[in-house]
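Here are the chains, one letter per residue:
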Amino acid sequence: MENQKSFKDHLVNSLLHFLYYFFVYFIFITPFSLWQKATIRLSEQREKGTLNISNLTSLWPFLSFLKTFFLEFLIDGFIFIGYFVGLIFALYTFIETGEFMAFVSVLASTYFSPIGLSLIRDFLQLLILPFRKFLSWATKPAQYMDLKIENK
């Protein structure tokens, strides 16, 4: 029975696991990771030329462009540029008001903004999913069965 962990060991392990993922991972790592993902997606959009309407091959090129522009480019762009604008705004706030807490609150809201914007992006992607499924179904060729019925 020496190989089995005691309840106390499980309790400490669970507490450390919870505290790490709630306080360290969610609060400190997740916002920056979301910002990095938005930065990479923007860079890949530029490399692939997905915002160039002449590169679109769908049946609805303008609607595809609008979807890409609003749901992918614009939200990722706000996530990306938010850190730079937020830092400038925080410095401006500190210079204008002279209050350190105003500076810190602007920095904190800027740092956590990728979480809110990513939630908006994901929910909008979920909302258009039924429409995308319908378009996929509607563009497929008609399915029919060629039945040969013989009476004996």
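Definitions and limits used
Residues numbered from 1 in each chain as written. Predicted model: local features only at pLDDT ≥ 70, side-chain atom pairs only at ≥ 80, totals over all residues. Heavy atoms only, no water. Helix = DSSP H or I, 4+ residues; strand = E, 2+ residues; numbered from the N terminus. Contact = heavy atoms within 4.5 Å. Lys, Arg positive; Asp, Glu negative; His and termini not counted. Charge placed at Lys NZ, Arg CZ, Asp CG, Glu CD. Buried < 20%, exposed > 50% of the residue type's maximum accessible area, 1.4 Å probe, protein only. 1 Å grid on protein atoms, 1.4 Å probe; cavity = no way out; pocket = protein on both sides within 12 Å on 5 of 7 lines; lining within 4 Å. Points joined across faces, edges and corners; volume = space filled by probe spheres on them. Core = buried A, V, L, I, M, F, W, Y, C linked by side-chain atoms within 4.5 Å. Axes fitted to C-alpha atoms, helices over the stretch in contact; angles between N-to-C directions. Parallel < 35°, antiparallel > 145°, perpendicular 65-115°, else oblique. Nonpolar A, V, L, I, M, F, W, Y, C, P; charged D, E, K, R; others polar. pLDDT = per-residue confidence, 0-100. Salt bridge = Lys/Arg side-chain N within 4 Å of Asp/Glu carboxyl O. Expected span 1.5 Å × (residues − 1). Bend = angle between axes of the 7 residues up to and from the residue. Left-handed = near helix turned anticlockwise from the far one by under 90°.

Let's talk about the overall build of the protein chain
Stage number 1. Regarding its fold elements, the protein chain presents three helices and zero strands.
Stage number 2. Across the protein chain, helices and strands are ordered from the amino to the carboxyl terminus as α-α-α.
Stage number 3. Its C-alpha atoms put the protein chain at 90 × 65 × 25 Å along the principal axes.
Stage number 4. Taking all contacts inside the protein chain whose residues are at least 6 apart in sequence as the whole, residues at least 24 apart take part in 66%.
Stage number 5. Between the mean site of the 13 positive side-chain charges and the mean site of the 11 negative ones, the protein chain shows a separation of 9 Å.

Structural notes on the side chain of Q125
Stage number 1. Mapping Q125 onto the fold places it in helix α3 (residues 100–138).
Stage number 2. Residue Q125 is classed as buried on the basis of its relative accessible area, which comes to 16%.
Stage number 3. Every residue in contact with Q125, bar those within four places of it in the chain, is listed here: L71, E72 and R132.

Considerations on the layout of surface pockets
Here the idea is plain: a probe the size of a water molecule rolls over the atoms and shows the empty space left.
Stage number 1. Empty space within the largest pocket amounts to approximately 370 Å³.
Stage number 2. The wall of the largest pocket is formed by S58, W60, L63, S64, L66, K67, I128, F131, R132 and L135.

Some points on the nonpolar core
Stage number 1. Of all hydrophobic cores here, the largest spans five residues; its members are W35, A38, I75, I79 and Y83.
Stage number 2. Where this core is concerned, the elements lending two or more residues are α1 (7–48) and α2 (61–97).
Stage number 3. The element that contributes the greatest number of residues to this core is α2, accounting for three residues.
Stage number 4. Filtering out sequence-adjacent residues up to four positions away, I75 remains in contact with F70, L117, I120, R121 and L124.

A short note on the packing of α2 against α3
Stage number 1. The contact between α2 and α3 brings their axes to 8 Å, and the two run at 170 degrees. In terms of orientation, α2 lies roughly antiparallel with respect to α3.
Stage number 2. A class-by-class count of the residues in the contact of α2 with α3 yields 21 nonpolar, seven polar and four charged.

Observations regarding the confidence of the model for the protein chain
Stage number 1. With 93% of its residues at a pLDDT of at least 70, the protein chain reaches an overall mean of 89.
Stage number 2. Within the protein chain, the lowest mean pLDDT, 92, falls on α3, and the highest, 94, falls on α2.

Some thoughts on the pattern of salt bridges
Stage number 1. Evaluated as defined, the whole model comprises three salt bridges.
Stage number 2. The salt bridge partner of R121 is D76, with a shortest N-O separation of 3.3 Å. Residue R121 is located in helix α3, and its partner D76 is located in helix α2; the two are separated by 45 residues in the primary sequence.
Stage number 3. Taken together, the shared-partner salt bridges connect R41, D76 and R121 into one network.

Some points on α1
Stage number 1. Between its first and last C-alpha atoms α1 spans 54 Å; for 42 residues at 1.5 Å apiece the expected length is 62 Å, and the helix comes up short by more than 12%.
Stage number 2. Along α1, the sharpest change in direction is near 50 degrees and occurs at Y25.
Stage number 3. Those residues of α1 lying buried are T30, P31, W35, A38, L42 and Q45.
Stage number 4. Contacts from the buried residues of α1 go to α2 and α3.
Stage number 5. Two residues or fewer past α1, G49 is found with a positive phi of approximately 70 degrees.

A look at the packing of α1 against α3
Stage number 1. With their axes 8 Å apart at the nearest point, α1 and α3 run at an angle of 60 degrees to one another. The orientation of α1 with respect to α3, classified from their angle, is oblique. With respect to the hand of their crossing, α1 and α3 are arranged in left-handed fashion. For the pair α1 and α3, the contacting residues are F26, I27, F28, I29, P31, F32, L34, W35 and R41 in the first and Y111, F112, P114, I115, S118 and R121 in the second.

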